[in-house]
Amino acid sequence: MIDITGWTPVTKIENVPLREGRAVTVGGSEIAIFHLEGRYLTIENKCPHKGGPLCDGIVSGTTVVCPLHGQRFDLETGMPVLASQPGCVAIFPTRVEEGVIFVDLGGRSKGQDEVAA
Amino acid sequence: MKRQLVVVGNGMAGVACVEQILKQPHDFEITIFGDETHANYNRILLSLVLAGEKSPEDIVINDIEWYQTHDIRARLGVKITGIDREKRVVIDEDGGETEYDKLILATGSSAFIPPIPGVDKKNVHVFRTLDDTRALLEKARPGLKTAVIGGGLLGLEAARGLQVRGCEVTVVHLMETLMERQLDATGGEYLKRKIESLGIRVMLPQQTAALFGNGRVDGLRFASGEELEADLVVIAAGIRPNAELGRSAGLEVRRGIVVNDYMATSDPYIFAVGECTEHRGQTFGLVAPLFDQGRVLASTITGNGGPAFTGASPAAKLKIMGVDIFSAGSIDESEAGVETVRYEDPSLGAYKKLLLKDNRLHGMILVGDIEDEHVYMDWMRSGTDLTPHRRQILFPPRDADPGREVADMPDSETVCGCNGVRKGDIIQAIHAHGITTLAGVKERTRASTSCGSCTGLCEKLLRAVTPDFQEETRTTLCSCVPFSYEQLRDIIRGQKLKSVEEVLNVYGNRKGCEVCKPALSYLLDMVWCGDHDEDRSARFINDRVHANIQKDGTFSVVPRMRGGVTTPDELRRIADVADKYKVPMVKVTGSQRIDLLGIKKADLPKVWADLGMPSGQAYTKGVRMVKTCVGTEFCRFGVQDSTGAGIELERRLENLFTPHKFKMGVVGCPRNCAEATVKDLGMVGQEGSWQVVVGGAAGKSVRKADLLITVETTEQALEAADLFFQYYRENANYLERSYDFVERLGIEKIRKETVYAPEVEKRNLLDRLARSKALAKDAWLERETPVHPTQFVQIQPMEVKPA
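Predicted model only: the values in this text are computed from it and were never measured.

## Examining the overall build of chain A
From N to C terminus, chain A includes one helix and ten strands. Helices and strands in chain A line up, N terminus first, as β-β-β-β-β-β-β-β-β-β-α. Within chain A, the proportion of its 117 residues that are buried is 45%. A sequence separation of at least 24 residues applies to 39% of the contacts in chain A between residues at least 6 apart.

## Quick notes on the overall build of chain B
Check the secondary structure of chain B and you find 25 helices and 42 strands. Residue pairs in contact within chain B that sit at least 24 positions apart in sequence constitute 62% of those at least 6 positions apart.

## Re helix α6 (residues 185–197) of chain B
Residues and elements named next belong to chain B. Between its terminal C-alpha atoms α6 stretches 18 Å, which fits the 18 Å expected from 13 residues at 1.5 Å a residue. By the burial criterion, the buried members of α6 are Gly187, Gly188, Tyr190, Leu191, Lys192, Lys194 and Ile195. Next to the buried residues of α6 lie α5 (153–164), β14 (201–203), β24 (325–329), β26 (350–357) and β27 (360–367). Gly199 sits one or two residues past α6 and shows a positive phi near 100°.

## What to know about the confidence of the model for chain B
All names here are of chain B. The share of residues in chain B with pLDDT of 70 or more is 97%, and the mean pLDDT across the chain is 91. Ranking the helices and strands of chain B by mean pLDDT puts strand β37 (residues 662–667) first, with 98, and helix α10 (residues 402–407) last, with 70. We note a pTM of 0.65 for the whole complex and an ipTM of 0.92 for its interfaces.

## Observations regarding the environment of Val64(A)
All names here are of chain A. Within the secondary structure, Val64 sits in strand β6 (residues 63–65). Its 30 C-beta neighbours within 10 Å are what place Val64 among the buried residues. In the structure, Val64 is positioned ten residues away from Leu54 in sequence and 7.2 Å away in space, judged by C-alpha atoms. Leave out the neighbours within four places in its chain, and Val64 touches Gly21, Phe34, Leu54, Gly57, Val59, Phe73 and Leu75.

## Considerations on the packing of helix α18 (residues 568–580) of chain B against helix α19 (residues 604–611) of chain B
Residue and element names in this part refer to chain B. Two elements in contact, α18 and α19, have axes whose closest approach is 9 Å; the angle formed by their N-to-C orientations is 150°. Taken together, the axes of α18 and α19 lie roughly antiparallel to each other. Crossing hand, α18 versus α19: right-handed. Contacts between α18 and α19 pair Arg573, Ile574, Asp576, Val577 and Lys580 from the former with Val607, Asp610 and Leu611 from the latter. Taken together, the residues of the contact of α18 with α19 break down into four nonpolar, no polar and four charged.

## Remarks on the packing of helix α11 (residues 423–433) of chain B against helix α12 (residues 438–445) of chain B
Residues and elements named next belong to chain B. Close contact between α11 and α12 brings their axes to 10 Å; oriented N to C, the two are set at 105°. As far as their axial angle goes, α12 and α11 are roughly perpendicular. Residues Asp425, Ile426, Ala429 and His433 of α11 form the contact with α12, whose participating residues are Gly440, Val441, Arg444 and Thr445. By residue class, the composition of the contact of α11 with α12 is three nonpolar, three polar and two charged.

## Some words on the interface of chain A and chain B
Tallying the contact residues gives 26 residues for chain A and 18 residues for chain B. At the level of elements, β1 (7–12), β2 (21–26) and β5 (58–60) of chain A are the ones that each hand at least two residues to the side of chain A that touches chain B. Element by element, the count of residues in the side of chain A that touches chain B is highest for β1(A), at four residues. Residue composition of the side of chain A that touches chain B, by class: 13 nonpolar, seven polar and six charged.

## Observations regarding the sheet that holds β37(B)
Residues and elements named next belong to chain B. Pairing within the open sheet is mixed, and its five strands lie in the order β36-β37-β38-β39-β42. Looking at strand neighbours, the two that pair on one side only are β36 (623–628) and β42 (706–711), the edges of this open sheet. The average undirected angle you get between the axes of adjacent strands in this sheet is 15°. On top of the sheet, helix α21 (residues 642–653) reaches β36, β37 and β38 (681–686); it is set at about 175° to β36, its chief contact.

## Let's talk about the nonpolar core
Residues and elements named next belong to chain B. Core analysis: the biggest nonpolar cluster contains 175 residues, and Val7, Cys17, Ile104, Leu105, Val148 and Val233 have the highest contact counts within it. Considering each element in turn, this core owes the most residues, eight residues, to helix α16 (residues 516–527). Among all residues touching Val7, those that are not within four sequence positions of it are Gly14, Val18, Ile30, Ile32, Phe33, Ile104 and Ala106. Core analysis: the next-biggest nonpolar cluster, separate from the first, contains 42 residues, Leu653, Val666, Leu681 and Val692 among them.

## Side note on the pairing of strand β25 (residues 338–345) of chain B
All names here are of chain B. In this structure, β25 lies alongside β26, joined through eight bridges in antiparallel fashion. Paired with Tyr343 across the two strands is Lys352, which belongs to β26. As consecutive antiparallel partners, β25 and β26 are separated by four residues, and within that stretch Gly349 has a phi angle of approximately 70°, a positive value.

## Some words on unusual backbone geometry
Residues and elements named next belong to chain B. Even without a glycine there, the phi angle at Met179 is positive, about 45°. Along the chain, Met179 turns up in the loop between β13 (168–172) and α6. Phi is positive for Asn359, close to 65°, though the residue is something other than glycine. By secondary structure assignment, the location of Asn359 is in the loop between β26 and β27.

## Some points on the sheet that holds strand β9 (residues 94–97) of chain A
Strands belonging to one sheet form pairs held by backbone hydrogen bonds; the direction of such a pair is parallel or antiparallel. All names here are of chain A. Taken in spatial order, the three strands of this open sheet run β1-β10-β9, and their pairing is antiparallel. At either margin of the open sheet sits one strand with a lone partner, and together these are β1 and β9. Taken over all neighbouring pairs, the strand axes of this sheet differ in orientation by 35° on average, direction set aside. In the sheet, β9 pairs with strand β10 (residues 100–104) via four bridges, with the strands oriented antiparallel. Opposite Thr94, over in β10, you have Val103 as the bridge partner.

## Here's the deal with the pairing of strand β35 (residues 594–599) of chain B
All names here are of chain B. One ladder, built from two bridges, connects strand β33 (residues 555–557) with β35; its direction is antiparallel. Within the sheet, the bridge partner assigned to Phe555 lies in β35 and is Ile599. As judged from the four bridges shared by strand β34 (residues 585–588) and β35, these two strands associate in the antiparallel manner. Considered in β35, the bridge of Val586 is made with Leu596. Linking β34 to β35, which pair antiparallel, is a turn of five residues; within it Gln592 sits at a positive phi near 60°.

## Examining the environment of Thr387(B)
Residue and element names in this part refer to chain B. Of note, Thr387 is situated in the loop between α9 (373–382) and α10. The exposure class of Thr387 is exposed, given the 8 C-beta atoms found within 10 Å. A sequence separation of 28 residues divides Thr387 from Asn359, and the C-alpha atoms of the two residues are 6.2 Å apart.

## Details of the confidence of the model for chain A
Taken over all residues, the pLDDT of chain A has a mean of 87, while the share at 70 or more is 88%. Every residue in residues 112–117 of chain A is under pLDDT 50, and counting partners more than four places away or in other chains gives two contacts.

How each quantity is defined
- Residues numbered from 1 in each chain as written.
- Chains lettered and ligands numbered in written order.
- Predicted model: local features only at pLDDT ≥ 70, side-chain atom pairs only at ≥ 80, totals over all residues.
- Helix = DSSP H or I, 4+ residues; strand = E, 2+ residues; numbered from the N terminus.
- Buried ≥ 20, exposed ≤ 12 C-beta atoms within 10 Å, placed from the backbone.
- Contact = placed C-beta atoms within 7 Å.
- Expected span 1.5 Å × (residues − 1).
- pLDDT = per-residue confidence, 0-100.
- Axes fitted to C-alpha atoms, helices over the stretch in contact; angles between N-to-C directions.
- Parallel < 35°, antiparallel > 145°, perpendicular 65-115°, else oblique.
- Left-handed = near helix turned anticlockwise from the far one by under 90°.
- Nonpolar A, V, L, I, M, F, W, Y, C, P; charged D, E, K, R; others polar.
- Pairing = 2+ DSSP bridges.
- Core = buried A, V, L, I, M, F, W, Y, C linked by C-beta atoms within 7 Å.

Right, dumping it as structure tokens:
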């Protein structure tokens, strides 16, 4: 039985190379984990524009660029970088313990527009 | 008998003055003393030598030959220690005397060394001369903790130069903001952000109280009590006129040797020019006024009469690539009657401030956007009444008549302040040498070879004067790494940078983006012929998994089918793969190949293995295919073996990367069934010969290819193809298709530099192609040896053990 509400061990850190993302499906959600210089950040793996796999995007600083149409999201906030872009992506608290990446699937939060809704 | 003219000082001001004297009728025999042992060099470019952008040889202004040609006695490495004004001789350090009828003091200035305890320790340097620069270059190495004391022009340029060499640099500045003599607080803040984004630490305001260390410097102690570790310290705290010689001779000297409007000192036989002078209470540290002084003095001393020197309004430009800073005129806002107009855009890092007085431009600060510098300088110099321009003053419209600005300019106006080149000099050179390019102007006049700020103006001059002006395109890659492709190729080569990260860390914003990362990946691969540090995170997803991403996140797979020729066995395997992986669509492409669409990332390696065919590179900016007709093999009309030649062409170039996708075609007769004349490269068979054509297109643009050359044998045609292919790889901008490239350069130039190039250049192109080819691999072999364990593998979540 997988506890999808709390901290879930997802994968070993060596599975996510530096400045790249990898997708995992955990508890029914497809998430993308990114490795930024010793930090791991997790967002939902679906661009709100046309559903592009964000895990395959090029990382620029703390943002990721969707490989399909170049939409850009901040990995720390899930917010789009340009105000003119539609929607934001959910982010998940992430931490590393003994070389394993843990994601808090219950800690999912989405940018301001959804919070306000 | 000729009169003796002695010049003490072999720097820019003294020699520039002598150059002016040589242009006038005179009866002098000239001797120049210089205490540095080098021929005259352009001191303001030392920072570029430090940064490795120029070599010491590049900055020589007058080589030894120049002295000989003009019968000038150069006494280099000889220091003049005294003047006997009664006997009219100068005395060198060995006691030797040299007579003069007229004497010019051009002794320049020295680095000011603040009286801080410890400045005499080892590894504490100034940055003023070529020797200083060489000494710094010897010390600089990656990771060396370096402190630069002084946040002015020179300090920042030194800091950048050392940082490019890998040093960990901190700039320590006494004042609240950087370059406070040229910028206001806002401008200084923008500059600080820019400098920090390059990876240089800035500490403000910070007064250095002492340098500590046992013999060798170990660090700085500040007045605040804080300390900074440093194994190398560069002092760039300003300059002081070298006026000692004048003072000891009893000339009137205050901060500098006092001169009047004709550059005469208090002794009628002695004159002074350059940074050692003081004129109307002003001393000088920038190059442009020195040339004006030199011209005035040349007229004075030859007795030809002429203009007076009435002072100079300061203009300064920071010479750090990618950090655009320009300041000119008065920036004192508190001056009575001055009003200011401002614009800033933090995201762009752009800030402009214009100071107006009586509706005339009085001073300016330009940060980040210095495009309009020349318009402003023109307004300021000419005292233009700006009333009609007020609404557009921050973004002056580009002149509809580009020749207008140039036509309005008098011939005597200085275009290149660094090298003292006037409009008239450039026009004369253009006519005399038939110059059509900026490079030609640079070579013949030296204009625009120093700081580059007059480049735009030189281009306008060329455009106005010469009917067939050839513009050099200089496209900046992207704001993350704001250099042209040409500069980046030089930087990567010159600084031996092997990875995208290195380029971004040293020359960029340390982040990069989806535009510059793939472009830099390409440049590195091309420059180092594949022997670079490949970083897959800098590649687009297609180049990470060697397949073309589709709208649903699945991939398409196109195996290589050289020349469009396949076998029943291959077709069977393709069919089996389509069945086994339930491929939603199998499609014949326009490239005579077969596309399997809708493959999952995790299945890619298995699909490739089952196909047993190499990658067709249909997903990348690289060699796509060679489309062929059946040629002499089967066709009634074929006159050349187009299939054989096409397959061979594909073999020779496959697996290589190109600036944009690269499609080829080979046809066995001029009926052109495989459309070779609308391909990036085509071979068109004729009776007894091949036409090699380049730059064709049948996509978004349609363009008939240009004929590169007609040759007799297939081997010759393949070699011509190789030459063009490598030339395009090396000279096109990233994402520039061959048809744009051919139009930009013109087919004649391309012919001259490929098929008609000297043998040695051809061989070099082919050698570099061969080296790249030797390291190029079928990307699909990564199915056996992935670059990362999860390159293709779908990560499975970990088992959660019951608590």
